[in-house]
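Residue-level structure breakdown
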Amino acid sequence: MNNDKEINFTEVLNALNQQQVIAYPTEAVFGLGCDPDSELAVEELLRLKHRPREKGLILIADNYQQLLPYIDDSALTDEQRATIFSQWPGPVTWVMPAKATTPSWLTGQFSTLAVRVTDHPLVKELCSRFGKPLVSTSANLSGLEPCRFAEEVKQQFGDEFPVLEGNVGGRQNPSEIKDALTGHLFRQG
């Protein structure tokens, strides 16, 4: 990894550890993210997005094990797990039963949590280095198009906003969202 890229990773990880909101490239658009265990950081993300807390959020992870502190894996059958794993890593978000201990600032008004194991190499590395998943929502101010370039993130959120530099994947649409228990499609990918 070149020195500029390493410095950028370090800056973004420092911002996460200081309970700040960051932006990073995903499969289709830039995402806004933060430490899912920091209510302060999640509240700042919701404020930036003008997003009601009741709607709940998505977690994006490097691997399934990173999601286990937040989801109730015991509620899934082997068949449901096999279906999920057949589409991960990749741009499919699954709505799963949340653990009773999962904070309401993540689940909103629901007893479930939307989660995804990404195949984007930069986000995988970021989650791996951070040691846990990140909150993930599209990087855009309310009413504006989601950002597809780091420069657009800076235009919307300011030059000092922490951004993991890199390219988004080639997908045109945000991730598909499905119910892990029923297979019901909430959002087409």
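Residues numbered from 1 in each chain as written. Predicted model: local features only at pLDDT ≥ 70, side-chain atom pairs only at ≥ 80, totals over all residues. Heavy atoms only, no water.

The name given to the protein in an unreviewed UniProt entry is Threonylcarbamoyl-AMP synthase, with the source organism recorded as Ewingella americana. Reading the Subcellular location (unreviewed entry) entry of the UniProt record for the protein gives the comment "Cytoplasm". Check the Sequence similarities (unreviewed entry) section of the UniProt entry for the protein; it says "Belongs to the SUA5 family. TsaC subfamily." (UniProt positions renumbered as here; feature names shortened; annotations may be inferred.)

Now for helix H2 (residues 39–49). Taken as a whole, H2 has its buried residues at Ala41, Val42, Leu45, Leu46, Leu48 and Lys49. The buried residues of H2 occupy an angular sector of 160° when projected down its axis, which confines them to one face. Considering only its buried residues, H2 is in contact with strand E2 (30–33), helix H4 (104–107), strand E6 (134–138) and helix H6 (150–157). Immediately downstream of H2, the backbone of histidine 50 shows phi near 55°, a positive value. (Buried < 20%, exposed > 50% of the residue type's maximum accessible area, 1.4 Å probe, protein only. Helix = DSSP H or I, 4+ residues; strand = E, 2+ residues; numbered from the N terminus. Arc of directions from axis to C-beta. Contact = heavy atoms within 4.5 Å.)

What follows deals with the sheet that holds E2. Strands belonging to one sheet form pairs held by backbone hydrogen bonds; the direction of such a pair is parallel or antiparallel. Judged by pairing direction, the sheet is mixed, and its 8 strands sit side by side in the order E1-E2-E6-E3-E5-E4-E7-E8 without closing on themselves. With one partner strand each, in any of the chains shown, strand E1 (22–25) and strand E8 (185–187) form the two edges of the open sheet. Looking at each pair of strands side by side, their axes are set apart by 40° on average, direction ignored. (Pairing = 2+ DSSP bridges. Axes fitted to C-alpha atoms, helices over the stretch in contact; angles between N-to-C directions.)

Those residues of helix H3 (residues 78–86) not exposed but buried are Gln80, Arg81 and Ile84. Down the axis of H3, the buried side of the element spans an arc of 100°, and every buried residue falls inside it. Opposite the packed face of H3, turned more than 90 degrees from it, sit the exposed residues Asp78, Glu79 and Ser86. Buried-residue contacts for H3 involve strand E4 (92–97).

All right, on to the packing of helix H1 (residues 3–17) against helix H5 (residues 121–130) then. A pair of packed helices is captured by two measures, namely the crossing angle of their axes and the spacing between those axes. For the pair H1 and H5, the least separation of the axes is 11 Å and the interaxial angle reads 55°. The angle between the axes of H1 and H5 places the two elements in the oblique class. Judged by the twist between their axes, the crossing of H1 over H5 is right-handed. Residues Lys5, Glu6, Phe9, Val12, Leu13, Leu16 and Asn17 of H1 form the contact with H5, whose own contacting residues are Leu122, Glu125, Leu126, Arg129 and Phe130. Here the residues of the contact of H1 with H5 are counted per class, giving 7 nonpolar, 1 polar and 4 charged. (Parallel < 35°, antiparallel > 145°, perpendicular 65-115°, else oblique. Left-handed = near helix turned anticlockwise from the far one by under 90°. Nonpolar A, V, L, I, M, F, W, Y, C, P; charged D, E, K, R; others polar.)

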